[in-house]
Amino acid sequence: SITHYLHAQCPESPDEPKGWPEDKAASKIEWDPTTNACDGSGPMTTCIRENEGAIGYIDAAHGHEADLKEIKLKNGDGFFLTSKEAGIDGVQAAAADLSTVPSTAFGDFTNVAYYNMKGPK
């Protein structure tokens, strides 16, 4: 989830007191009341499109389909890539180890994370 990612990339610490606290990873975010509430990929896409400078979090496929701009994330080898740039190589690298993925869609996905993985490019 986005909260796991925020904690992994910028954890709260004595050196980073404004980092993302561990107890907020995997929790519901209490957003500032001035933010736009957009729940679901369709409504989030609309919020991003209709609010100049907006930042939102949706799965890459929805963003690509809507022709939205995508940020680059740093992979485990230090390369900054969009999901399109990581492409099939990134998908294949992520699928190499499925040990944390539950056997059914109803399983617990808490420990499934495909960020900070090593990868080409």
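Right above here is the structure, for reference.
Residues numbered from 1 in each chain as written. Predicted model: local features only at pLDDT ≥ 70, side-chain atom pairs only at ≥ 80, totals over all residues. Heavy atoms only, no water.

Q: Help me understand the overall build of the protein, please; the structure alone is not making it clear to me.
A: Scanning the protein from N- to C-terminus turns up four helices and two strands. Seen along its three principal axes, the alpha-carbon backbone of the protein occupies a region of about 40 × 40 × 35 Å. The buried share among the 121 residues of the protein stands at 19%. Look at the contacts in the protein between residues 6 or more apart in sequence, and 32% of them connect residues 24 or more apart. Carbon and sulfur atoms make up 56% of the accessible area of the protein, which amounts to about 9,300 Å² in all. Charged side chains in the protein number 10 positive and 19 negative. The centres of these two groups are separated by 6 Å. (Helix = DSSP H or I, 4+ residues; strand = E, 2+ residues; numbered from the N terminus. Buried < 20%, exposed > 50% of the residue type's maximum accessible area, 1.4 Å probe, protein only. Contact = heavy atoms within 4.5 Å. Areas by Shrake-Rupley, 256 points an atom, 1.4 Å probe, with all protein chains shown as cover. Lys, Arg positive; Asp, Glu negative; His and termini not counted. Charge placed at Lys NZ, Arg CZ, Asp CG, Glu CD.)

Q: Help me understand the pattern of salt bridges, please; the structure alone is not making it clear to me.
A: Working definition: two side chains of opposite charge can pair if their charged atoms are close together. Under the definition given, this model contains one salt bridge. Put simply, Glu 85 and Lys 72 hold a salt bridge, and the shortest N to O gap is 3.2 Å. A residue pair is termed long-range when its members are at least 10 positions apart, and Glu 85 in helix 4 (residues 83-95) and Lys 72 in the loop between helix 3 (60-65) and strand 1 (73-74) qualify at 13 residues. (Salt bridge = Lys/Arg side-chain N within 4 Å of Asp/Glu carboxyl O.)

Q: What is the right way to look at unusual backbone geometry in this model?
A: Where the residue is not glycine, phi is negative for most of them; where a peptide bond is considered, it is trans in most cases. Even without being a glycine, Asp 67 presents a positive backbone phi close to 60°. Summarising the element assignment, Asp 67 is placed in the loop between helix 3 and strand 1.

Q: Honestly, the side chain of His 7 in this entry has me stumped. Any pointers?
A: Counting through the fold element by element, His 7 comes out in helix 1 (residues 2-9). Among the polar contacts listed, one links the side chain of His 7 to the backbone oxygen of Trp 20, at a separation of 2.8 Å. (Polar contact = N/O pair within 3.5 Å; in protein donor to acceptor, adjacent residues only side chain to side chain.)

Q: What should I look at first to understand the environment of Gly 87 in this one?
A: With respect to the secondary-structure elements, Gly 87 resides in helix 4. Taking the C-alpha atoms as reference points, Gly 87 and Asp 23, 64 residues apart in sequence, are found 33 Å from one another.

Q: Teacher, can you tell me more about the state of the cysteines here?
A: Summed over the entire model, instances satisfying the criterion amount to one disulfide. Through a disulfide, Cys 38 is tied to Cys 47; the S-S separation comes to 1.6 Å. Linking Cys 38 and Cys 47, the disulfide has an S-S dihedral of approximately -80° and is accordingly described as left-handed. For the residue pair Cys 38 and Cys 47, the accessibility class agrees, reading buried in each case. (Disulfide = S-S within 2.5 Å.)

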